[in-house]
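Structural features, examined
As a plain string of letters, each chain reads:
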Amino acid sequence: MEEKLIKSMKGMGAFIFFIGFLFVDIVLIILSIQHNSHKLLTLSILLLIFDLFLPFGIKVVKPNEALVLTLFGHYTGTIKEAGIYFVNPFSVAVNPASHTQLRQSGDVHSTSTSISIDGTTTTNVTPSKKAIFLKKMTLSNGRQKINDVLGNPIEIAVAVIWQVKDTAKAVFEVDNYKEYLSLQCDAALRNIVRIYPYDVAENIDTTGDSEPDDGSLRGSSTLVAERIRQEIQDKVADAGL
């Protein structure tokens with residue numbers, strides 16, 4: 001699924017319209033009561049109910065954030081530009097990874113601590129919103145124990161700088177794009193590390209050309225990092241990352 005950018009009505013105008021419409025509703029209700037008009041009162045109440053639905057269509061988008069909107073289960077588009085917008089009040093912002101916390105930047109939620117009467121302390125985590133971060137973030141998975149090409153166990157970790165490029169793919173092509181990225185990083189790290197010896201060894205082919213070379217994890221760190229980066233990118237491209 002390809003990303004579709006939408007340009008919605010500016011929310012400030014919709015907010016002013018909402019205030020004006022609400023004022024008119026109140027005036028109509030007062031007039032209907034004064035003139036004992038049941039038809040006008042019924043119409044005023046219906047208009048008031050309609051007016052109360054309008055605020056649900058006001059969406060606020062911050063810089064480097066995006067909202068992926070669906071309407072009755074169908075993808076309607078993505079808002080990427082910062083500002084206040086008015087969309088269909090029945091539209092829903094979707095982000096399956098909104099509550100997923102990894103060991104990375106951007107996953108720190110504000111918390112509040114409260115003390116109950118019996119002295120116990122509880123920590124409440126503020127629920128994350130449905131916006132998708134477009135800024136570059138750093139993922140640092142835990143260390144893994146992997147055997148190199150000679151069978152020697154090595155403890156190694158990887159730090160990956162990543163960014164959402166296609167919000168539609170990130171939301172709809174995979175179950176949870178954060179977990180998907182984390183798993184693919186671990187898999188790519190294992191696949192590449194197993195090709196190399198920790199230090200230079202004889203008769204080891206690390207390039208796949210059937211010729212021995214002097215590649216190693218310690219001596220060819222730049223090349224190893226590039227191969228890991230390329231493998232991760234190949235795997236997460238379908239997820240819009």
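Note that the structure is predicted; figures quoted are calculated from it, not measured.

We now examine the overall build of the chain. When you go through the chain residue by residue, the secondary structure sums to five helices and 13 strands. Looking at the chain as a whole, 35% of its 241 residues are labelled buried. Sequence-distant contacts in the chain: of pairs separated by 6 or more residues, those separated by 24 or more amount to 63%. Total accessible area on the chain is roughly 14,500 Å²; 60% of this is exposed by carbon and sulfur atoms.

For strand E11 (residues 144-147) and strand E12 (residues 153-156), the ladder comprises four bridges, and the chain directions are antiparallel. The partner of asparagine 147 across the bridge, within E12, is proline 153. Linking two consecutive strands that pair antiparallel, namely E11 and E12, is a turn of five residues; a positive phi of about 90° is found at glycine 151 within it.

Once that is clear, we can look at the packing of helix H4 (residues 177-193) against helix H5 (residues 221-236). For the pair H4 and H5, interaxial distance at closest approach is 9 Å and the crossing angle is 140°. Considering the angle they form, H4 stands oblique to H5. Like other packed secondary-structure pairs, H4 and H5 cross with a definite hand, here right-handed. Note on element contacts: H5 touches H4 through Val224, Arg227, Ile228, Glu231, Ile232, Lys235 and Val236, opposite Tyr180, Leu181, Gln184, Cys185, Ala188, Leu189, Asn191 and Ile192. Split by residue class, the contact of H4 with H5 holds ten nonpolar, two polar and three charged.

Under the 1.5 Å per step criterion, the end-to-end length of helix H2 (residues 38-53) is 23 Å for 16 residues, consistent within 8% with the ideal 22 Å. Here H2 starts with a cap whose side-chain oxygen sits 3.3 Å from the backbone nitrogen of leucine 40, and that cap is serine 37.

Looking now at the side chain of threonine 206. If you trace the backbone, threonine 206 turns up in the loop between H4 and H5. Within the local environment of threonine 206, its side chain forms a polar contact with the side chain of aspartate 213, the two groups lying 2.6 Å apart. With near-sequence residues (within four places) excluded, threonine 206 lies in contact with Ile195, Tyr196, Pro197, Asp213, Gly215 and Arg227.

We now examine the UniProt feature "transmembrane region" (unreviewed entry) in the chain. Feature annotation in UniProt assigns "transmembrane region" (unreviewed entry) to the following positions: residues 12-34 and 40-58. The span residues 12-34 is 100% helical and 0% strand by assignment, and the distance between its end C-alpha atoms comes to 33 Å. Here residues 40-58 runs as 74% helix and 5% strand, with 29 Å between its end C-alpha atoms.

Moving on: the nonpolar core. In terms of nonpolar packing, the biggest core is built from 33 residues, with Trp162, Val164, Tyr177, Leu181, Ile228, Ile232 and Leu241 touching the most fellow members. When residues of this core are traced back to their parent elements, those giving at least two are strand E3 (65-71), strand E10 (137-140), strand E13 (159-162), helix H3 (167-172), H4 and H5. Broken down by element, this core gets its largest block of residues, seven residues, from H4. Each of domain 1 (11-93) and domain 2 (132-239) contributes no fewer than three residues to this core.

Its volume calculated, the largest pocket comes out at about 390 Å³. Elements supplying a minimum of two residues to the lining of the largest pocket: E13, H4 and H5. Considering only residue class, the lining of the largest pocket consists of 16 nonpolar, three polar and one charged.

Cut-offs and rules
Residues numbered from 1 in each chain as written. Predicted model: local features only at pLDDT ≥ 70, side-chain atom pairs only at ≥ 80, totals over all residues. Heavy atoms only, no water. Helix = DSSP H or I, 4+ residues; strand = E, 2+ residues; numbered from the N terminus. Buried < 20%, exposed > 50% of the residue type's maximum accessible area, 1.4 Å probe, protein only. Contact = heavy atoms within 4.5 Å. Areas by Shrake-Rupley, 256 points an atom, 1.4 Å probe, with all protein chains shown as cover. Pairing = 2+ DSSP bridges. Axes fitted to C-alpha atoms, helices over the stretch in contact; angles between N-to-C directions. Parallel < 35°, antiparallel > 145°, perpendicular 65-115°, else oblique. Left-handed = near helix turned anticlockwise from the far one by under 90°. Nonpolar A, V, L, I, M, F, W, Y, C, P; charged D, E, K, R; others polar. Expected span 1.5 Å × (residues − 1). Polar contact = N/O pair within 3.5 Å; in protein donor to acceptor, adjacent residues only side chain to side chain. UniProt positions renumbered as here; feature names shortened; annotations may be inferred. Core = buried A, V, L, I, M, F, W, Y, C linked by side-chain atoms within 4.5 Å. Domains from an automatic or database assignment. 1 Å grid on protein atoms, 1.4 Å probe; cavity = no way out; pocket = protein on both sides within 12 Å on 5 of 7 lines; lining within 4 Å. Points joined across faces, edges and corners; volume = space filled by probe spheres on them.

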